[in-house]
Amino acid sequence: MGGEPFVVDDLDWYISTARSYFPNSELCIVTNGLLIPKVNDRILKSIRNNNAIIQISQYPPTRNQIDLITEKIYEYDLRLQIGKPIEYFMERINREPEFDEMYKSIFANCASAHCHTLKNGKLMMCGAIPTICEMLEKQTACKGSYQDNTIDLLGQINISGWDALELLERANKLCGYCPMEHKWVKWESTL
């Protein structure tokens, strides 16, 4: 999760690799579902063969195409979970960050604290952190901070599941860019 997993051409590799390291875990692919009708056969078969679950976040554009999306999922006999309709999204970036010890409280109260993200072959604690770094246009300054909670799946393979979980579930100073109280904004779409 974090971004759209179905834009990854070799998603099947990530799915089978995750399954090989975590054979007894629930493997979920969180998506808005809009690309599912166009996903290639190889990826859909990998989802089925690795007993992964497709979890669809039901945004307004998704609801407009849900029949087309579910038709493809049922064609491949895939496991499916559809979330409740989403009418609002959370404004996530605090432009006046809290860097003292406040970032730990922000993390403790974060609704996304356990929403680990896969990006560029790296599993990270939160999808907001690289987004924050991109927004700041200071990737170099941010790099060390978000690397603290990142596992390079292509290079750092000698980490136990427990160590990975501990790494992914601790506060990061960049959590200070997330607001303590979130502002909810009504979803609007041109689709």
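Values in this document were obtained by computation on a predicted structure and should not be read as measured data.

Let's shift gears to the overall build of the protein. Looking only at helices and strands, the protein features eight helices and eight strands. Classification of the 191 residues of the protein by burial places 36% in the buried group.

Before going further, it helps to spend a moment on the sheet that holds strand 7 (residues 150-152). Within a beta sheet, neighbouring strands are joined by backbone hydrogen bonds and run either parallel or antiparallel to one another. Strand order in the open sheet formed by three strands is 5-6-7, and the pairing between neighbours is antiparallel. Each having just a single partner strand, strand 5 (117-119) and strand 7 make up the two edges of the open sheet. Strand after strand, the sheet turns through a mean of 25° between neighbouring axes, direction not considered. With three bridges connecting them, strand 5 and strand 6 (residues 122-124) associate as antiparallel partners. Its bridge partner lying in strand 6, Leu118 is registered against Leu123. Across the sheet, helix 8 (residues 161-168) is in contact with strand 6 and strand 7; its angle to strand 7 comes to roughly 140°.

Once that is clear, we can look at the pattern of salt bridges. Summed over the entire model, instances satisfying the criterion amount to four salt bridges. Measuring nitrogen to oxygen at the nearest pair gives 2.9 Å for the salt bridge that ties Asp12 to Arg42. Of this pair, Asp12 sits in helix 1 (residues 11-21) while Arg42 sits in helix 2 (residues 41-49), and the two are 30 residues apart along the sequence. Since its relative accessible area comes to 44%, Arg42 is described here as partly exposed. The partner of Arg63 in a salt bridge is Glu87, with the nearest N and O atoms 2.8 Å apart. Taken together, the residues Arg63 in helix 3 (residues 60-64) and Glu87 in the loop between strand 3 (79-85) and strand 4 (88-91) connect sequence positions 24 residues apart. For Arg63, a relative accessible area of 26% corresponds to the partly exposed category.

How each quantity is defined
- Residues numbered from 1 in each chain as written.
- Predicted model: local features only at pLDDT ≥ 70, side-chain atom pairs only at ≥ 80, totals over all residues.
- Heavy atoms only, no water.
- Helix = DSSP H or I, 4+ residues; strand = E, 2+ residues; numbered from the N terminus.
- Buried < 20%, exposed > 50% of the residue type's maximum accessible area, 1.4 Å probe, protein only.
- Pairing = 2+ DSSP bridges.
- Axes fitted to C-alpha atoms, helices over the stretch in contact; angles between N-to-C directions.
- Contact = heavy atoms within 4.5 Å.
- Salt bridge = Lys/Arg side-chain N within 4 Å of Asp/Glu carboxyl O.

Any link to function would need more than the numbers given here.
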